[in-house]
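# Geometric and topological summary
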Amino acid sequence: GTCCSYRLRDALHPLWQSPLSVPGGTRQSPIDIQWRDSIFDPYLRPLKISYDPDTCLHIWNNGYSFLVEFEDSADKSIIMGGPLENQYRLKQFHFHWGAINEWGSEHTIDSRVYPAELHLVHWNAVKYESFEDAVMEGNGLAVIGVFLKLGAYHDGLQKLVDALPAVKHKDEIVEFDSFDPSCLLPSCPDYWTYAGSLTTPPLTESVTWIIKKKAIEVDEDQLEAFRMLLFTSPGEEEKRMVDNFRPLQPLMNRTVRSSFQ
Ligand SMILES: COc1ccc([C@H]2OC(=S)NC2=O)c(OC)c1
Ligand SMILES: [Zn+2]
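Worth saying up front: this structure is predicted, and the values here are computed from it rather than measured.

So, on to the site of ligand 1. All residues in the neighbourhood of ligand 1 are listed as Gln92, His94, His96, His119, Val121, Phe131, Leu198, Thr199, Thr200, Pro201 and Trp209. Within the side chain of His94, a nitrogen or oxygen atom sits 3.1 Å from a nitrogen atom of ligand 1. One of the side-chain N or O atoms of His96 is found 3.4 Å from a nitrogen atom in ligand 1. Protein contact buries 82% of the 400 Å² of open area that ligand 1 shows by itself. Only strand 7 (88-97) and strand 9 (116-124) provide two or more residues apiece to the shell around ligand 1.

Here it is as structure tokens:
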């Protein structure tokens, strides 16, 4: 189908010339989540999310995406419950998106691609001293994935969109305060969860994925604002920051669990 040809073409995208695989990787991300193959797990608890907007620090363009980073020296913005054994601290959130609305997300649901995907990145501050340590551990990170789809204007996202021109180029950073990222979560509590990895180097297999079933809606102008960002630094030949997603990876010997029937 068309989506496959898109995927193939994207797999050869400059960002991913060599199919980036981790030698011996058995739990790589992203994956296609086949709804009918996911297993309802009644022991999965509701996810508990508590973010403190005062922990919001800045937005910066790291040359792959734009990240909103949080102060994580205390348990102020945390998640727990769901599939998690410990409490995890919010470190940053960022997005992956396409050049056009037909593709852009990293995960897919029954091969359906979304125009963008939000990643809220948390680390296990009970077991590890820092995010950098947690990145290397099997239970080190918990990433909430939220799909973005084209639809109504998203009021909460606009504050972020308005700050993007200030971080147009790689390595630009701007202060960003009192933002509560829970405004970017769908109200539906349903999610899938599976054991996976980071989707850019170091690709470490340290992520407990929590993929929300419901997408949030954003409008065309808000998606276009993401596409105005650049991979490149000031003075370099401009390369638009688009298609910053990794191709799908094999499920191998993994089960995807659902929190809903
Ligand atoms: C060193 O910190 C990193 C490095 C890479 C990633 C990539 O892995 C996923 S997931 N999205 C990404 O852009 C990251 O995100 C949590 C954090
Ligand atoms: Zn990501």
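Among all residues save glycine, negative phi is the norm, and among peptide bonds the norm is trans. In this chain, Ser29 is followed by Pro30 through a cis amide linkage whose omega measures 0°. Looking at where Pro30 falls in the secondary structure, it is placed in the loop between helix 1 (2-11) and strand 1 (32-33). Residues other than glycine seldom take positive phi values, yet Asp171 does so here, at roughly 75°. On the secondary structure map, Asp171 appears in the loop between helix 3 (155-163) and strand 11 (173-175). Within the chain, Met252 stands out as a residue other than glycine whose phi angle is a positive 50°. Mapped onto the fold, Met252 is located in the loop between helix 4 (220-227) and strand 15 (257-258).

Gln222, Leu223, Ala225, Phe226 and Arg227 are the residues of helix 4 that are buried. The opening residue of helix 4, the one whose side-chain oxygen lies 3.2 Å from the backbone nitrogen of Asp221, is Asp219.

Under the counting rule described, the total for this entry stands at six salt bridges. For Arg257, the salt bridge is made with Asp41, and the minimal N-O distance between the two is 2.8 Å. Pair noted here: Arg257 is in strand 15 and Asp41 is in the loop between strand 2 (39-40) and strand 3 (47-50), with a separation of 216 residues, a long-range link. Asp72 is the salt-bridge partner of Lys91, the closest N and O atoms lying 3.8 Å from each other. On the criterion of sequence distance, the pair formed by Lys91 in strand 7 and Asp72 in the loop between strand 5 (66-70) and strand 6 (78-81) is long-range, its members being 19 residues apart. Both residues of the pair, Lys91 and Asp72, count as buried. Because the salt bridges share partners, they merge into one network encompassing Glu220, Glu224 and Arg227.

On the surface, Glu129, Glu132, Asp133 and Glu137 cluster together into a patch of negative charge. Along the chain, Glu132 turns up in helix 2 (residues 131-134).

Within strand 9, nine of the nine residues are buried, which leaves it mostly tucked inside the rest of the structure. Burial along strand 9 is two-sided: the residues Ala116, Leu118, Leu120, His122 and Asn124 and Glu117, His119, Val121 and Trp123 are all buried. Pairing of strand 7 with strand 9 involves nine bridges; the strand directions are antiparallel. Each residue of the ladder has a partner; that of Phe93, found in strand 9, is Leu120. Alignment of strand 9 against strand 10 (residues 141-150), held across eight bridges, turns out to be antiparallel. Note on strand 10: the bridge partner recorded for Val121 is Val143.

Analysis parameters
Residues numbered from 1 in each chain as written. Chains lettered and ligands numbered in written order. Predicted model: local features only at pLDDT ≥ 70, side-chain atom pairs only at ≥ 80, totals over all residues. Heavy atoms only, no water. Near = heavy atom within 4 Å. Polar contact = N/O pair within 3.5 Å; in protein donor to acceptor, adjacent residues only side chain to side chain. Areas by Shrake-Rupley, 256 points an atom, 1.4 Å probe, with all protein chains shown as cover. Helix = DSSP H or I, 4+ residues; strand = E, 2+ residues; numbered from the N terminus. Buried < 20%, exposed > 50% of the residue type's maximum accessible area, 1.4 Å probe, protein only. Salt bridge = Lys/Arg side-chain N within 4 Å of Asp/Glu carboxyl O. Patch = residues over 30% accessible without salt bridge, like charges linked within 9 Å, V, L, I, M, F, W, Y side chains within 5 Å. Lys, Arg positive; Asp, Glu negative; His and termini not counted. Charge placed at Lys NZ, Arg CZ, Asp CG, Glu CD. Pairing = 2+ DSSP bridges.

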